[in-house]
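Coordinate inspection notes
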Amino acid sequence: MPAASPPIALALALGLSAALAVGGCAVSAPDASPVPGVPTLAPMLREVTPGVVNVAVTGRAQALNPLLNDPFFRRFFDLPDLPLPQRPPQPPRRTFSSGSGVIVDAGRGYVLTNSHVVAEAESIEVTTKDNRRFEARLVGRDPGTDIAVLRIVPGDGSQGGPQGGSLGDLQAVPFGDSAALEVGDYVVAIGNPFGLGQTVTSGIVSALGRGGLRVEGYEDFIQTDASINPGNSGGALVDLQGRLVGINTAILAPSGGNVGIGFAVPANMARTVMDQIIRYGEVRRGRIGISVQDLTPDIAAALGTRSTSGAIIAAVETGSPADRAGLRRGDVVIAIDGAEVRSATQVRNHVGLKRVGDPVTLTVERNGARDTLTARIEEEPKPPGG
């Protein structure tokens, strides 16, 4: 009896047929292998991988010795038992870390990565697949979405030195439409796990709209079983046509390694954040003055609504854009800017990431009737002292 094909070989064989039927249209698959009948992603990857880079970060962190907080240790070495705020600071130590990044604009040298990769950066160096190194500067970062934008500083043309050439030599990864992804679509993760160098893994979209990984933040993660390990952060998640659909950001790893549950920030969200960072140097959060919660079956039954999913408006701030637009407490939001609403998080993300001054259209159900109302985004107030 012949040996069974490995699961990934079977998956690729299924996914890389001559054409994929989508909505009655034929979408060409990646180029065929030189070996007849053997599917391969190599032609697509030859085009995409030059746009995925290693991001090396040098910073400084306060050195903290936990023994200095031990009263017995301090007494033994005759150290003054001062309160923590009065103790002399320890000298900072240099830190080194690395992650991945994606070139999205070769002409201007813009690179997308994760905010947490460059959070403590004093200097940043980007290394391309062909081992050219460039200095990069931080344009801005947004911890709420874990997205940061870097800009490569053109070098002097030397290969392998601290600076590696002109921006004309760079290659960008084209954006795809992450909103068009469906569970079961094949995806490929490209990054620099464990500092080993560029690595490619493949899998499928396991789920969409995942949240709850952080207490705060704008979460709408793509979940994938493509292996995403430490160092992959900031790398590319691409579809089989080589289009960027996500920025790899996190894994669930109880044992410290990959267990087949990885997460990526959708490319559409990353692009929106990038546009604001490039324009303003930060993300200017939008608001319309509502608080929302998920529509549950119990709430739907109490309201007598026909909707089974969506978000219910729990409160409307007096005088806010939502109030002026006619939105009311108890309205069920079933669509926002034409997209079906599945949860309160979706409404919060959509409003929070729109540009200040832009209109947002909400389709609501009220007393059995549906209406479409438009509010204009205003800037979220800064926290006191912010």
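Attention here is on the structure that accompanies the text. (Residues numbered from 1 in each chain as written. Predicted model: local features only at pLDDT ≥ 70, side-chain atom pairs only at ≥ 80, totals over all residues. Heavy atoms only, no water.)

Some details on the overall build of the chain
Along its length, the chain carries seven helices and 22 strands. Residues classed as buried in the chain amount to 41% of the 386 residues present. Considering only contacts in the chain between residues 6 or more positions apart, those separated by 24 or more positions represent 62%. When the accessible surface of the chain is totalled, it reaches about 19800 Å², and 54% of it is carbon and sulfur. (Helix = DSSP H or I, 4+ residues; strand = E, 2+ residues; numbered from the N terminus. Buried < 20%, exposed > 50% of the residue type's maximum accessible area, 1.4 Å probe, protein only. Contact = heavy atoms within 4.5 Å. Areas by Shrake-Rupley, 256 points an atom, 1.4 Å probe, with all protein chains shown as cover.)

Describing the pattern of salt bridges
This model, assessed by the stated rule, comprises 13 salt bridges. With a closest N to O distance of 3.5 Å, aspartate 323 and arginine 328 form a salt bridge. The exposure class of aspartate 323 is partly exposed, given its relative accessible area of 25%. Here lysine 354 and aspartate 337 are joined by a salt bridge, their closest N and O atoms 3.2 Å apart. With lysine 354 in the loop between helix H7 (344–352) and strand S20 (359–366) and aspartate 337 in the loop between strand S18 (332–336) and strand S19 (339–340), this residue pair connects regions lying 17 residues apart in the sequence. (Salt bridge = Lys/Arg side-chain N within 4 Å of Asp/Glu carboxyl O.)

Examining the pairing of S20
In the case of a regular strand, side chains alternate between the two sheet surfaces. Across four bridges, S18 lies against S20 in antiparallel orientation. What sits directly across from valine 332, in S20, is glutamate 365. Pairing geometry for S20 and strand S21 (residues 369–376), over eight bridges, is antiparallel. Its bridge partner being in S21, proline 359 is matched across the sheet by arginine 376. In sequence, S20 turns back onto S21 through a hairpin of two residues, with asparagine 367 there showing a positive phi of about 55°. (Pairing = 2+ DSSP bridges.)

Considering the side chain of glutamine 276
Along the polypeptide, glutamine 276 turns up in helix H4 (residues 267–280). Taking the relative accessible area as the measure of exposure, glutamine 276 reaches 1% and is therefore buried.

Remarks on the environment of isoleucine 336
Tracing the chain through its elements places isoleucine 336 in strand S18. Residue classification places isoleucine 336 among the buried positions, given a relative accessible area of 1%. C-alpha separation for the pair isoleucine 336 and leucine 373, spaced 37 residues apart in sequence, amounts to 9.8 Å. Beyond its immediate chain neighbours, meaning those up to four positions away, isoleucine 336 contacts Val341, Val347, His350, Val351, Val360, Thr361 and Leu362.

Some thoughts on unusual backbone geometry
One can expect most non-glycine residues to show negative phi and most peptide bonds to be in trans. Of note in this structure, asparagine 131 is not a glycine but carries a positive phi near 70°. Assignment of secondary structure puts asparagine 131 in the loop between strand S6 (121–127) and strand S7 (133–142). You can call asparagine 131 exposed: its relative accessible area is 54%.

Geometry only, nothing functional implied.
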